[in-house]
Amino acid sequence: MTMRTPLKTARNLGSAKDGTDHFWKQRVTGVANVFLGLFLVWLIASLLGADHATVKARLANPLMSLALLATIVSGTVHMRLGMQTIIEDYVNGEAMKIVLLMLNTFFAALIALASIFAVLKLSFGA
Amino acid sequence: MGDTSAGQGVRRERPLSPHLQIYSPLINMVTSIVHRMTGAALYFGTVLLAWWLTAAATSPDYFNYVSSWFATWAGQAVMIGYTWALLQHMFGGLRHFLWDTGRGYDLKVIDQLSWGSLALSFVMTGLIWLAVARGGL
């Protein structure tokens, strides 16, 4: 019988090897999203029904572009972490879990890249 | 699963902890579930944001086409729903920040925070869309 306690595997970064990384990133992006989310609601609400030239000019404004890029990065990181937790909680099969966790990352990356590309294209003169 | 005569490889039936259908719904339980559901809804809703941004960066024609979808009855409903989901998730999240500091764990306070997050999200969604309907922000 081994005399080792479970504490052995829980030291430093723990058995998952990433410590409180997930928890902390979720909080940091969560705090950022309070401000960025309100910005996004305002931005879209103020552009409802506006024509293309107006929307383009607004989104191409450097301050708007920067805030929007921050929203996209913080938002997609946060949602990827959140969906990871949902998958880990409800999907029991190991193979299915790995597949869904990968798809989760791919989806978040796709949304982030497509949105960032669109904002940069508008900023640099589409 | 109930067959134990097969012996090897059969999992022993273990008692399960009571789950959702056993408990009568309490408000903190409802907002906890709502927090997760709004999070998931916001997750998939980002497709619409990416679509809108891509349309704006593509051409006036394509932007008008996408805008016409958002201007429909269903499009407006989705946007109002998305606004509420975002605000509910935000107020629910602020509640979690308070709990992270070790505060707000009195049963009464937990209930108040739950009702408060719901009230604030509905009122704020109403105010924002009222402002939009009255000629924009």
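The next subject is the environment of A:Val99. All names here are of chain A. Relative to the helices and strands, Val 99 is located in helix α5 (residues 94-123). Residue classification places Val 99 among the partly exposed positions, given that 13 C-beta atoms sit within 10 Å. Between the C-alpha atoms of Val 99 and His 22, which are 77 residues apart in sequence, the distance is 19 Å.

On to helix α1 (residues 27-58) of chain B. When the terminal C-alpha atoms of α1(B) are compared, their 45 Å separation across 32 residues agrees well with the 46 Å that a helix rising 1.5 Å per residue should span. The largest bend in α1(B) amounts to roughly 30° and is located at B:Phe44.

Another point: the nonpolar core. Ranked by internal contacts, the top residues of the largest apolar core, which has 31 residues, are B:Leu53, B:Ala56 and B:Leu86. Top contributing element to this core by residue count: α1(B), with nine residues. Excluding residues within four positions of it along the chain, B:Ala56 makes contact with A:Val55, A:Lys56, A:Leu59, A:Ala118, A:Leu122 and B:Phe63.

Moving on: the interface of chain A and chain B. If you look at the interface, chain A gives 26 residues, while chain B gives 26 residues. Looking at the side of chain A that touches chain B, the elements with two or more residues in it are α2 (21-47), α3 (52-60), α4 (62-90) and α5 of chain A. Among the elements that line the side of chain A that touches chain B, the one with the most residues is α2(A), at eight residues. Residue classes in the side of chain A that touches chain B are distributed as 16 nonpolar, seven polar and three charged.

A separate point is the packing of α5(A) against α1(B). Helix-helix packing is characterised by the crossing angle of the two axes and by the distance between the axes. The contact between α5(A) and α1(B) brings their axes to 8 Å, and the two run at 25°. By the angle between their directions, the pair α5(A) and α1(B) is classed as roughly parallel. The two elements α5(A) and α1(B) meet at a crossing, and its hand is left-handed. Counted together, A:Ile111, A:Ala114, A:Ser115, A:Ala118, A:Val119, A:Lys121 and A:Leu122 of α5(A) and B:Thr46, B:Val47, B:Leu49, B:Ala50, B:Leu53, B:Thr54, B:Ala56 and B:Ala57 of α1(B) form the full contact between these two elements.

Take the packing of α2(A) against α4(A) next. All names here are of chain A. Contact geometry of α2 with α4 gives a least axis separation of 8 Å together with a crossing angle of 140°. Our classification of the angle between α2 and α4 gives oblique. Remark: the crossing between α2 and α4 carries left-handed chirality. Of the residues in α4, those in contact with His 22, Lys 25, Gln 26, Thr 29, Gly 30, Ala 32, Asn 33, Leu 36, Phe 39 and Leu 40 of α2 are Ala 67, Ala 70, Thr 71, Ser 74, Gly 75, Val 77, His 78 and Leu 81.

What counts, and at which threshold
- Residues numbered from 1 in each chain as written.
- Chains lettered and ligands numbered in written order.
- Predicted model: local features only at pLDDT ≥ 70, side-chain atom pairs only at ≥ 80, totals over all residues.
- Helix = DSSP H or I, 4+ residues; strand = E, 2+ residues; numbered from the N terminus.
- Buried ≥ 20, exposed ≤ 12 C-beta atoms within 10 Å, placed from the backbone.
- Expected span 1.5 Å × (residues − 1).
- Bend = angle between axes of the 7 residues up to and from the residue.
- Core = buried A, V, L, I, M, F, W, Y, C linked by C-beta atoms within 7 Å.
- Contact = placed C-beta atoms within 7 Å.
- Nonpolar A, V, L, I, M, F, W, Y, C, P; charged D, E, K, R; others polar.
- Axes fitted to C-alpha atoms, helices over the stretch in contact; angles between N-to-C directions.
- Parallel < 35°, antiparallel > 145°, perpendicular 65-115°, else oblique.
- Left-handed = near helix turned anticlockwise from the far one by under 90°.

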